[in-house]
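Secondary and tertiary structure notes
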Amino acid sequence: MTEEQRKYYVRHTDARKFVEAVLRGNGVPEDHATIVADCLVQADLRGVDTHGINRIPSYMARIREGVLNARASPTLQQVTPVVAQVDGQNGFGFVAAHLAMKRAIEMAREFGIGMVSVKHSNHYGMAAWIVQQALDAGMMSLVFTNSSPALPVWGGREKLMGVSPLACGAPAGKEPPFILDMAPSVAARGKIYKAARRGEKIPLDWALDKEGRPTDDPHRALEGVMLPMGGPKGSALSIMMDVFSGVLSGSAFAGHVTNPYDPSRPADVGHFIVAIKPDLFMSLDDFKARMDYLYRRVVDSEKASGVDRIYFPGEIEQLTQAERLKTGIPYVEAEIEALNREAERVGVEKLVVSTVGDA
Ligand SMILES: NC(=O)c1ccc[n+]([C@@H]2O[C@H](COP(=O)([O-])OP(=O)(O)OC[C@H]3O[C@@H](n4cnc5c(N)ncnc54)[C@H](O)[C@@H]3O)[C@@H](O)[C@H]2O)c1
């Protein structure tokens, strides 16, 4: 068991408290710190640890360099009864997207649908937390964002489009909800940052190095390009995220969004957020019964050889969440140390580790 593999378990409540304290120490207002901490810890609970509290050091670097405004409050402008625009004012993407989905839900409750475009925002981490915000209000959702260049367009070799996730969700009855949250690349770039942090190798089909060769070294991969999933189709989906999130909103687009790990200038990310009332065409009970039926048809379908269980989109993450609520969230020592350095900078308590284990 190497030091890199040993896991340090942190209770989600302690993780949230820690992140809130670090954020407040960096000038983030209390209500915004609560939103950001909750989104990051949700990602870690769901096993999307590429987009969890380990992002804190890079976000804090952006605040210290003055390219992310810790104190900004997003503003909202109503455009039509079902359309609004949020200006993120270069504050946290989490806060701008949270406001956008809140307003989209209110409009959907009244009119059946609510659409909010967000400009001048920042990285909002795991998109599924916004889908979950809609699910908590009983709504279906579409959640798009653009992001910094990481992916060549099909036939190209330079980083141009983002590995911008597209996410959507729908509530069910007694079965788990549908939550699709996927980057248009073979793997999210966060998975490469995580492998680099943890001293791990990556699969050869994730990225090319800067000479255009397949690599299993995450550091070389970060110098090169991510590979789109499904060839031209993944590349087209990343362009779609840019059309809806960048072009439409008035934010940066066409390769001009700044990487969240680059503290040299504002990111100017755009998002596109829609909430839809599920009982527009039938009763809510009928809609939910149909979702439950779809779920059962999917997970009970005949399995391919070697497959033990079929999962609905979002289900693996839900199972991970149930497990981590009990065990705590596993981190490696280097991650805990990096987080504690942030705590030290602003004079707040270190992260409380509840147990250390090998799993
Ligand atoms: N904010 C940003 O700029 C940004 C950029 C890239 C990625 N991300 C985030 O990174 C995260 C990871 O993205 P990803 O593309 O690597 O996700 P992923 O490949 O792990 O999962 C993609 C989707 O497939 C589903 N899925 C995965 N395995 C499955 C299985 N065996 N059976 C059924 N469904 C399955 C998941 O539930 C999920 O909805 C996402 O949360 C995304 O929002 C954020």
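Residues numbered from 1 in each chain as written. Predicted model: local features only at pLDDT ≥ 70, side-chain atom pairs only at ≥ 80, totals over all residues. Heavy atoms only, no water.

1. Looking at the sheet that holds strand β13 (residues 329-331)
In any sheet, the strands associate via hydrogen bonds between backbone groups, in a parallel or an antiparallel arrangement. Strand order in the open sheet formed by three strands is β13-β1-β14, with antiparallel pairing between adjacent strands. This sheet does not close on itself; its edge strands, each paired only once, are β13 and β14 (355-357). Going from strand to strand, the sheet's axes swing by 35° on average, the running direction of each strand aside. In this structure, strand β1 (residues 7-10) lies alongside β14, joined through three bridges in antiparallel fashion. The residue of β14 that forms the bridge with Y8 is V356. (Pairing = 2+ DSSP bridges. Helix = DSSP H or I, 4+ residues; strand = E, 2+ residues; numbered from the N terminus. Axes fitted to C-alpha atoms, helices over the stretch in contact; angles between N-to-C directions.)

2. Some remarks on the nonpolar core
Judged by nonpolar contacts, the single largest core of 61 residues is most densely connected at L23, I53, F92, F94, M101 and V143. Counting residues domain by domain, this core receives three or more from each of domain 1 (1-64 + 328-359) and domain 2 (72-185 + 228-301 + 305-327). Residue contacts for L23: discarding those within four places in its chain leaves V28, A33, V36, A37, I56, M60 and F92. If you look at the next biggest cluster of nonpolar residues, it comprises 14 residues, including A150, A195, W206 and M226. (Core = buried A, V, L, I, M, F, W, Y, C linked by side-chain atoms within 4.5 Å. Buried < 20%, exposed > 50% of the residue type's maximum accessible area, 1.4 Å probe, protein only. Domains from an automatic or database assignment. Contact = heavy atoms within 4.5 Å.)

3. Things to note about the packing of helix α2 (residues 30-45) against helix α4 (residues 93-111)
The geometry of α2 relative to α4 is characterised by a closest axis approach of 9 Å and an angle of 95° between their N-to-C directions. Between α2 and α4, the angle falls in the class roughly perpendicular. Contacts between α2 and α4 pair H32, I35, V36, C39 and L40 from the former with F94, V95 and H98 from the latter. Taken together, the residues of the contact of α2 with α4 break down into six nonpolar, two polar and no charged. (Parallel < 35°, antiparallel > 145°, perpendicular 65-115°, else oblique. Nonpolar A, V, L, I, M, F, W, Y, C, P; charged D, E, K, R; others polar.)

4. Observations regarding unusual backbone geometry
The phi dihedral of H120 is positive, around 50°, even though this residue is not glycine. For H120, the location among the structural elements is in strand β4 (residues 113-121). The phi angle at A254 is positive, at roughly 55°, despite the residue not being glycine. In this structure, A254 sits in the loop between α8 (232-247) and β12 (269-276). Exposure remark for A254: the relative accessible area of 35% places this residue in the partly exposed category.

5. Some details on the domain arrangement of the chain
Each assigned domain of the chain is listed here: domain 1 (1-64 + 328-359) and domain 2 (72-185 + 228-301 + 305-327). Look at where the C-alpha atoms of domain 1 and domain 2 centre, and you get two points 23 Å apart. Contacts between the two partners involve 28 residues from domain 1, matched on the other side by 32 residues from domain 2. Across the domain 1 to domain 2 interface the summed buried area is about 2500 Å²; carbon plus sulfur atoms make up 62%. Considering only the side of domain 1, the residues that lose the most area to domain 2 are L45, R46 and R62, jointly responsible for 31% of the buried surface there. Summed over the shared surface of domain 1 and domain 2, the number is one salt bridge. Note that D49 and R324 form a salt bridge whose closest N and O atoms lie 3.1 Å from each other. At the level of elements, α1 (12-25), α2, α3 (56-64) and β13 are the ones that each hand at least two residues to the side of domain 1 that touches domain 2. With nine residues, the single largest contributor to the side of domain 1 that touches domain 2 is α2. (Buried area = accessible area lost by both parts, 1.4 Å probe. Salt bridge = Lys/Arg side-chain N within 4 Å of Asp/Glu carboxyl O.)

6. Re the site of the ligand
Near the ligand you find 21 residues, and of these D181, A183, K191, G314 and E317 are the closest. At a separation of 3.4 Å, a nitrogen atom of the ligand approaches a polar side-chain atom of H123. A distance of 2.5 Å separates an oxygen atom of the ligand from a polar side-chain atom of D181. In the complex, the protein chains occlude 77% of the 860 Å² of accessible area that the ligand would expose alone. Most atoms of the ligand, that is more than half of them, are within 2 Å of grid points of the largest pocket. Breaking the shell around the ligand down by element, the ones donating at least two residues are β9 (178-182) and α10 (315-327). Looking at the shell around the ligand, the element that brings in the most residues is β9, giving four residues. Its residues placed into classes, the shell around the ligand shows 13 nonpolar, five polar and three charged. (Near = heavy atom within 4 Å. Polar contact = N/O pair within 3.5 Å; in protein donor to acceptor, adjacent residues only side chain to side chain. Areas by Shrake-Rupley, 256 points an atom, 1.4 Å probe, with all protein chains shown as cover. 1 Å grid on protein atoms, 1.4 Å probe; cavity = no way out; pocket = protein on both sides within 12 Å on 5 of 7 lines; lining within 4 Å. Sits in = over half its atoms within 2 Å of the grid points.)

7. Concerning the packing of α1 against α2
Relative to each other, α1 and α2 sit at 140°, their axes nearing to 8 Å. The orientation of α1 relative to α2 falls into the category oblique. The hand of the α1/α2 crossing is right-handed. Facing α1, whose interface residues are H12, A15, R16, V19, E20, L23 and R24, α2 presents E30, A33, T34, V36, A37, D38, L40, V41 and L45. (Left-handed = near helix turned anticlockwise from the far one by under 90°.)

8. Quick look at α4
With 19 residues, α4 should reach 27 Å at 1.5 Å per residue; the first-to-last C-alpha distance of 26 Å fits that figure. Within α4 the residues assigned to the buried category are G93, F94, V95, A96, A97, A100, M101, A104, I105, M107 and A108. Directly after α4, the chain includes G112, whose backbone phi takes a positive value near 95°. (Expected span 1.5 Å × (residues − 1).)

9. Side note on the sheet that holds β12
In space, the seven strands of this open sheet follow the order β2-β3-β4-β12-β5-β8-β9, with mixed pairing throughout. Both outer strands of the open sheet, β2 (75-80) and β9, are each paired with one neighbouring strand and no more. The sheet shows a mean angle of 10° between the axes of neighbouring strands, taken without regard to direction. Bridging between strand β3 (residues 83-87) and β4 involves five bridges; their strand directions are parallel. If you follow Q85 over to β4, its bridge partner there is S117. Running over the sheet, α8 touches β4, β5 (140-145), β8 (166-170), β9 and β12 and is turned about 95° from β5.

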